[in-house]
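One letter stands for each residue in the lines below.
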Amino acid sequence: MEKADKKLTYVSYLKLDELLALQQPRSDGPEHDEMLFIVVHQVYELWFKQVLHETRALRAALSAGDSSAALAGLRRVLTILKTLVAQIDVLETMTPMSFNSFRARLDAASGFQSLQFRELEFLLGYKRADAAQGRPSLEKALVEPAVWDAYLRYLVHQGHAVPAALLARDVREAIQASPDVQDAILSAYRANGFAAQVSERLVDFDEGLQEWRYRHVKMVERTIGAKPGTGGSAGAAYLRETLFKPLFPDLWEIRARL
């Protein structure tokens, strides 16, 4: 008779032994705050994984015209974004001196190398062909429709006219503001139905990601100032370039016309 499988437990289901063995500081001692640095960034990657999971489901719900599923997914993602911002508060308890005590051990490692965050940017429509080269997950995301493309189809499902040329746009290209799209969005707002609610939650999504970027920049500035980032990056100088650039420009442009 075959030996029965071990009973599933909390530890085995979550693979806690493996998970808790992944925090391996490289500094001598090790330096006290290196553990915090590793844990926070590993948790970020886990949340990025969940946000990608939810955002792909959001794209599918929008494409299918499913308002309830889209709103539920957006509510969850927005709650996660608040958690991502709050984690910066934890990271900011680490002083510049504490970070510098182990920073040299990071070698070429840099947050700029987070493929999951880049994939999220692509999924939301912020695509750059040069960033995708040699990275299979990004090359795949480059040629897939973005959430914005699904949103345009959702507007059509809800009875708001979007020109066929915009529905058939090259999804590899960056999103460009369009008066025709803005007319469709205004129609949705004036109808004051589900499409207006979904549109406002997408604005929240865009604003939430911008808030995280801003808090991230300020955290880097207070930790390393104007120093170059690890891995040869420009550090805070590069991060500042990403600020105040909306993912969904049409949803912001219509504010003056409401």
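The notes below deal with the structure included here. (Residues numbered from 1 in each chain as written. Predicted model: local features only at pLDDT ≥ 70, side-chain atom pairs only at ≥ 80, totals over all residues. Heavy atoms only, no water.)

1. So, the overall build of the protein
The condition is simple: Only DSSP runs of H or I reaching four residues or more are called helices, and only runs of E reaching two or more are called strands; each is numbered from the N terminus. Any two residues whose heavy atoms approach within 4.5 Å are treated as being in contact. Per-residue accessibility takes into account occlusion by the displayed protein chains alone, with areas from the Shrake-Rupley method and a 1.4 Å probe.
For the protein, the helix and strand inventory stands at 14 helices and zero strands. Ordered by position in the sequence, the α and β elements of the protein form the string α-α-α-α-α-α-α-α-α-α-α-α-α-α. Long-range contacts, defined here as pairs at least 24 residues apart, represent 72% of the contacts in the protein between residues at least 6 apart. Summed over all atoms, the accessible surface of the protein reaches about 14,500 Å², with 56% contributed by carbon and sulfur.

2. Regarding the pattern of salt bridges
When charged atoms on two side chains of opposite charge get close, those side chains can pair. Threshold: Each reported salt bridge corresponds to a side-chain nitrogen of Lys or Arg within 4 Å of a carboxyl oxygen of Asp or Glu. Partly exposed residues are those whose accessible area sits between 20% and 50% of the maximum for their type, while under 20% is buried and over 50% is exposed, using a 1.4 Å probe and protein chains only.
Applying the stated criterion to the full structure yields 17 salt bridges. Taking the shortest distance from any N to any O, the salt bridge between Asp170 and Arg172 comes out at 2.9 Å. When its relative accessible area of 32% is taken as the criterion, Asp170 is described as partly exposed. The residue Arg201 makes a salt bridge to Asp204 at a minimum N-O spacing of 2.7 Å. With Arg201 and Asp204 both in helix H12 (residues 194-224) and three residues apart, the pair spans about one turn of that helix.

3. Observations concerning helix H9 (residues 147-157)
Residues that lie three or four places apart on an α-helix share one face, since the helix turns once every 3.6 residues. Buried residues dominate H9, accounting for eight of its 11 residues. All of the buried residues along H9 are Val147, Trp148, Asp149, Ala150, Tyr151, Leu152, Tyr154 and Leu155. Note on H9: the residue one or two positions beyond its end, Gly159, has a positive phi of about 90°.

4. Comments concerning unusual backbone geometry
The omega angle of the peptide bond from Gly29 to Pro30 is -10°, so this bond is cis rather than trans. Considering the arrangement of structural elements, one finds Pro30 in the loop between helix H2 (16-19) and helix H3 (32-63). You will see that Lys15, though not glycine, has its phi angle at about 50°, which is positive. Structurally, the position occupied by Lys15 is in the loop between helix H1 (10-13) and H2.

Keep in mind that these numbers describe shape and distance, not what the molecule does.
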